[in-house]
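Report on the structure
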Amino acid sequence: MIHDKSIAAYEAARAVIPGGVDSPVRAFKSVGGTPPFIERGEGAYLIDIDGNRYIDYVQSWGPLIFGHCDTDIEAAVIGSVRKGLSFGAPTETETELAKEIVALFESIDKVRFVSSGTEAVMSAIRLARGFTGRDDIVKFEGCYHGHSDSLLVQAGSGAVTFGTPSSPGVPADLTKHTLLAKYNDLGSVEKCFADASDSIACVIIEPIAGNMGLVPAEEAFLEGLRQLCDAHGALLIFDEVMSGFRASLRGAQGITSVTPDLVTLGKVIGGGMPVGAFGGREEIMNRLSPDGPVYQAGTLSGNPVAMSAGLASLRKLKEMPSLYRELEQKATRLVEGFRAAAEHFGIPLQVEVRGSMFGFFFNDKEVKNFDDALASDTERFAAFHRGMLESGIYLACSQFETGFICSAMDDAMISETIDKAFKVFKEIA
Ligand SMILES: *Cc1c(COP(=O)(O)O)cnc(C)c1O
């Protein structure tokens, strides 16, 4: 594959944009090489500016569950664009999208829209603190909740890929209220409550962690969190920015019986446009400004073009009852194919699937938490990633990310990917 144009574009970008990218995970730092600069998408494919085609298992890091250039979403966006890009005034599309979400999620009576997952989580945390009158929050090692100050402690995704578990520029005063617990380890949460029972506003968790690689929470663990929160008057927040509309139509909440007090959404909810949302019980949500005292706002929040993309996506998802089963079958075929191919060459691989989300660790032990994930062979992952990219398979460029299947992927593409993986495993064994 030739990458000359991408290499030049990367040089040009680095001269004027730090690291040449607007989000660090895009820079391929942990796997080496130059990130392909993208010309366009086409269903399941990405086409870069050198004309290389890749089967895209990143799908914009989750949002594009129908793949690139879905005609229904495109039509909704174009129709909305023609009416104006932004008004800073309410539109009925916001209410329509809110109604869809409220109908889907038992835990959500009211929802507010923002422009990113980071904002959704940051606002939900403020609301939890405002509602309970408490300052401390419990988060889990390896979970990523966006890049706001108090949540950038032992965070996953890019923050772990680059070995900066917490970032310079985040004052210790702002993270001293963030208590850390271990994923799938209820004892570590009990300890937080034993130490700070009356000051914990909320426990926030990715109920299906996707930012330390894919690591689902065990059912008994989630049940335990619910009981601990209830016993101590703390709120339980499910961060479903990634898993929402991905693991199932209702995210983790379509899989577990545990009900959170607040939920954060993002990614798929915008169909590729910048949208985040947070919602929950009415008594909590009513504390938000202008009805209540907890302030939260956004010039472009509920942007009409973004809302139309989200609405078109959700309505389409609802009309496809067998979609998640089909996506899960493809995801399972893919990772089981990876595992069998890796095993053939003596490479231990741990695999996991939830709906359209998949993960694989170069690890000989089952991965239940962040420490387990960190014990994976990142060098071998990097070699695998490079080999796959050169074969036309675009995977997330870190061991600590999740892969995504989209509805535009067919069985032939999955077979092609497994065949190519077999050749790459052979090279890196
Ligand atoms: C992606 C993600 C976020 C942050 O969303 P942005 O839109 O990137 O700000 C927060 N929480 C989880 C679980 C995520 O996967």
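The written sequence of each chain sets the order in which its residues are numbered from 1. With the structure being a predicted model, the display of local features is reserved for residues of pLDDT at least 70 and the display and counting of side-chain atom pairs for 80 or more, all residues being used for whole-chain, interface and lining totals. Excluded from the side-chain calculations are hydrogens and water; all other atoms, namely the structure's heavy atoms, are used.

1. Notes on the overall build of the protein
Runs of E in the DSSP output that reach at least two residues are strands. Runs of H or I that reach at least four are helices, and both are numbered from the N terminus. Looking only at helices and strands, the protein features 14 helices and 16 strands. To get the radius of gyration, use the C-alpha atoms; to get the globule rule, take the number of residues to the power 0.38 and multiply by 2.2 Å. In terms of overall dimensions, the protein is globule-like: its C-alpha atoms have a radius of gyration of 21 Å, near the 22 Å expected for 429 residues. Viewed in the frame of its principal axes, the protein has a C-alpha envelope of about 55 × 55 × 45 Å. Partly exposed describes any residue whose relative accessible area lies between the buried limit of under 20% and the exposed limit of over 50%, with all areas from a 1.4 Å probe on protein chains only and scaled to the type maximum. For the protein, the residues scored as buried account for 56% of the 429 residues in total. Should any heavy atoms of two residues lie within 4.5 Å, those residues are considered in contact. Within the protein, contacts between residues at least 6 apart in sequence are counted, and of these 72% link residues at least 24 apart. Per-residue and other accessible areas were derived by the Shrake-Rupley procedure at a 1.4 Å probe size, with only the shown protein chains allowed to occlude residues. Carbon and sulfur atoms form 51% of the exposed surface of the protein, whose accessible area is close to 17600 Å². Here Asp and Glu are counted as negative and Lys and Arg as positive; His is not counted, and neither are the chain ends. To locate a charge, take atom NZ for lysine, CZ for arginine, CG for aspartate or CD for glutamate. A distance of 2 Å separates the average location of the 39 positive side-chain charges in the protein from that of its 57 negative side-chain charges.

2. Points about the nonpolar core
Nonpolar side chains in soluble globular proteins tend to be buried together. With 74 residues, the main nonpolar core has Tyr57, Ile101, Phe113, Phe245, Phe360, Phe384 and Phe425 as its most contacted residues. For this core, the element with the most residues is helix H11 (residues 323-344), which contributes nine residues. For phenylalanine 113, the residues in contact, after removing those within four places along its chain, are Glu94, Leu97, Ala98, Ile101, Ile269, Val275, Gly276, Ala277, Ser301, Gly302 and Met307. Grouped together as the second largest cluster of nonpolar side chains are 31 residues, Ala181, Leu222, Leu236 and Phe238 included. Buried Ala, Val, Leu, Ile, Met, Phe, Trp, Tyr and Cys residues that are joined via side-chain atoms within 4.5 Å together make up what is termed a nonpolar core.

3. As for the layout of surface pockets
Buriedness for pockets is judged along seven lines, at least five of which must meet protein on both sides within 12 Å for an open set on the 1 Å grid over protein atoms alone, while cavities are sets there where a 1.4 Å probe fits but cannot get out, and lining residues have an atom within 4 Å of a point. Grid points are joined across faces, edges and corners, and a volume is the space filled by probe spheres set on the points. Space inside the second largest pocket adds up to approximately 600 Å³. Taken together, 28 residues form the lining of the second largest pocket, with Glu94, Val111, Arg112, Phe113 and Gln296 sitting closest to its centre. Listed by contribution, the elements that provide at least two residues to the lining of the second largest pocket are helix H3 (92-104) and strand S4 (110-114). Ranked by residues supplied to the lining of the second largest pocket, first place goes to S4 with four residues. Under the convention adopted here, Pro, Cys and the residues Ala, Val, Leu, Ile, Met, Phe, Trp and Tyr are nonpolar, Asp, Glu, Lys and Arg are charged, and Gly plus all remaining residues are polar. Broken down by class, the residue content of the lining of the second largest pocket amounts to 12 nonpolar, 12 polar and four charged.

4. Section: the sheet that holds strand S15 (residues 393-394)
A sheet is described by the order of its strands in space; here four strands give the open sequence S1-S2-S3-S15, paired in mixed fashion. A strand with exactly one partner marks an edge of an open sheet, and here the two such strands are strand S1 (38-42) and S15. For strand S3 (residues 53-56) and S15, the ladder comprises two bridges, and the chain directions are parallel. Bridged to isoleucine 55 within S15 is isoleucine 393. Axis angles are defined between N-to-C directions and span 0 to 180 degrees, where every axis is a line fitted to C-alpha atoms and, for a helix, only to the segment in contact. Of the strands in this sheet, strand S2 (45-48), S3 and S15 are in contact with helix H14 (residues 411-428), which crosses S3 at around 105°. If DSSP finds at least two bridges between two strands, the strands pair.

What is shown is where atoms sit, not what they do.
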